[in-house]
Amino acid sequence: MDFALTDEHRRIQETVRDFGEREVKPHAAAWDRDEAFPHGVVAQLAALGLLGLGLPRDVGGGGADALACALVIEGVARYDASLGLTVASHAGLASGHIDLFASEMLRRRYLPRLARGEWLGAWCLTEAGSGSDAGGLRTRAVRDADGWLLNGSKMFITQGTVGHVYVVLASTAPDLGHRGISAFVVEKGTPGLGTGRKIEKLGLRSSDTAEVVLDNVRLAPGQLIGEENRGYKQALRVLDGGRVGIAAWCHGIGRGALEESIAYVRERRRVPGPAVRAMESTLAEMAMRLEAGRVLLCRAAYLKDTGRPFRSAAAMAKLVCSEAAMWVTTRALQLQGGAGLVRDQPVERYLRDAKLGEIGEGTSEMQRRVIARALLTGALPSL
Ligand SMILES: Cc1cc2nc3c(=O)[nH]c(=O)nc-3n(C[C@H](O)[C@H](O)[C@H](O)COP(=O)(O)OP(=O)(O)OC[C@H]3O[C@@H](n4cnc5c(N)ncnc54)[C@H](O)[C@@H]3O)c2cc1C
């Protein structure tokens, strides 16, 4: 069993760390305070090839494996979780869905620009009335002589207002429930595609989260992704990969909080005492919880990269990493006492940002259901 990263993985890690220290760390607090989507730094990430790293080379991507993509998300989220979420949803969800399931015509039209980061992707599954119960979505796509007509609205969409390419899940056969859902690509500027209100949030304040409205959006027949009525299955596959990314995202936030805590405790050790000893114990517990999650996330990436089933492994990784991130960020703030609560302190932001890990791309309750189903059907991979 080899736990070492390859030289290529290390190089990616160092590139992201160097970039994060220089271009992200000094600005993250201001982006959060201003709730401003950082277009400039997103363009810099694109120029480094980090937005299309996991896409195949034939469409301009980097052809990297799932572990490499996870390292990018983890490394960016360590400095700014909002920016990390942009990478995760653009690359893992929107681009990933098109790459896995779209026709060659759609792949050629969209993936090169998504890989270069010229266009940002948004992935639209959730609605105001359906989140965990994604099969209950109400956005409709009706086929007519010219193609498809879409009506409905989507909620909590990352890149909702700044996206250029929207992957939209809609019901094409309401009587069939989740078996009657299909996926479509909708381009920015298509008449009827609009954005509703931008959503203000506890954390991730510089990530762009918005309602997306589809009001008589007319699409050519070729904008359907893959086969009709296969959208739900496609979405589940996309989410499996996305959860490896979100596990890494959570680990990155936790790692950032741990590093802040180590620096804080080093300062406090100048005056030893019982409080410092308790803090050292907390540091050890933080590191242990984070590493446990990281092993699970590396394992999920390994299973994905070697073509093995990884649904339950990804669910476990996301669950453990998200709970570790909440535990570590909460303790990191507690460690600093009142100072930890002060706005513009990294630990205060880390704690607010970490909460999404237990909600987005399937809540913790839904991850437990995925794991339980695998256990009960004998499909849980084990070492
Ligand atoms: C910042 C942010 C960004 C997001 N980005 C995107 C995006 O880009 N694209 C997208 O499509 N969505 C996005 N989402 C939506 C996200 O995926 C959903 O919020 C999530 O899936 C939960 O759905 P919900 O909010 O409707 O909660 P609900 O499904 O209503 O859940 C509410 C509570 O009930 C529990 N619950 C529900 N059903 C069950 C059950 N069967 N068993 C046990 N417990 C249950 C849940 O675990 C949760 O605790 C984003 C959300 C946020 C906050």
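Heads up: the structure comes first, above all this text.
Here's what I pulled together on the structure shown here. Predicted, not measured: the structure shown is a model, and the values here were computed from it.

Turning to the side chain of threonine 282, a few remarks are in order. Along the polypeptide, threonine 282 turns up in helix H8 (residues 274-305). If near-sequence neighbours (up to four positions away) are discounted, threonine 282 is found in contact with Trp327, Arg331 and Leu335.

This brings us to the nonpolar core. Residues Leu45, Val72, Trp249 and Leu297 are the most contacted members of the largest nonpolar core, which totals 67 residues. Sorting the residues of this core by element identifies helix H1 (7-24), helix H3 (39-47), helix H4 (66-77), helix H5 (81-101), helix H7 (231-268), H8, helix H9 (311-335) and helix H10 (346-354) as the ones contributing at least two each. Among the domains, domain 1 (7-120) and domain 3 (232-376) are the pair contributing at least three residues each to this core. If near-sequence neighbours (up to four positions away) are discounted, valine 72 is found in contact with Ile12, Val16, Leu50, Leu53 and Val87. Grouped together as the second largest cluster of nonpolar side chains are 27 residues, Leu111, Trp119, Leu125 and Val167 included.

Our focus in this paragraph is the packing of H9 against H10. Where H9 meets H10, the axes come as close as 9 Å, and the angle between the chain directions of the two elements is 155 degrees. Comparing the axis directions of H9 and H10 gives the class roughly antiparallel. Crossing hand, H9 versus H10: left-handed. Within the contact between the two elements, H9 uses Ala325, Met326, Thr329, Thr330, Ala332 and Leu333 and H10 uses Val347, Glu348, Tyr350, Leu351 and Ala354.

Of all 7 residues in strand S5 (residues 181-187), 6 are buried, a share of seventy percent or more. Pairing between strand S4 (residues 165-171) and S5: 7 bridges, direction antiparallel. Bridge pairing links alanine 170 to serine 182 in S5.

Conventions used here
- Residues numbered from 1 in each chain as written.
- Predicted model: local features only at pLDDT ≥ 70, side-chain atom pairs only at ≥ 80, totals over all residues.
- Heavy atoms only, no water.
- Helix = DSSP H or I, 4+ residues; strand = E, 2+ residues; numbered from the N terminus.
- Contact = heavy atoms within 4.5 Å.
- Core = buried A, V, L, I, M, F, W, Y, C linked by side-chain atoms within 4.5 Å.
- Buried < 20%, exposed > 50% of the residue type's maximum accessible area, 1.4 Å probe, protein only.
- Domains from an automatic or database assignment.
- Axes fitted to C-alpha atoms, helices over the stretch in contact; angles between N-to-C directions.
- Parallel < 35°, antiparallel > 145°, perpendicular 65-115°, else oblique.
- Left-handed = near helix turned anticlockwise from the far one by under 90°.
- Pairing = 2+ DSSP bridges.

Geometric values such as these leave the question of function open.
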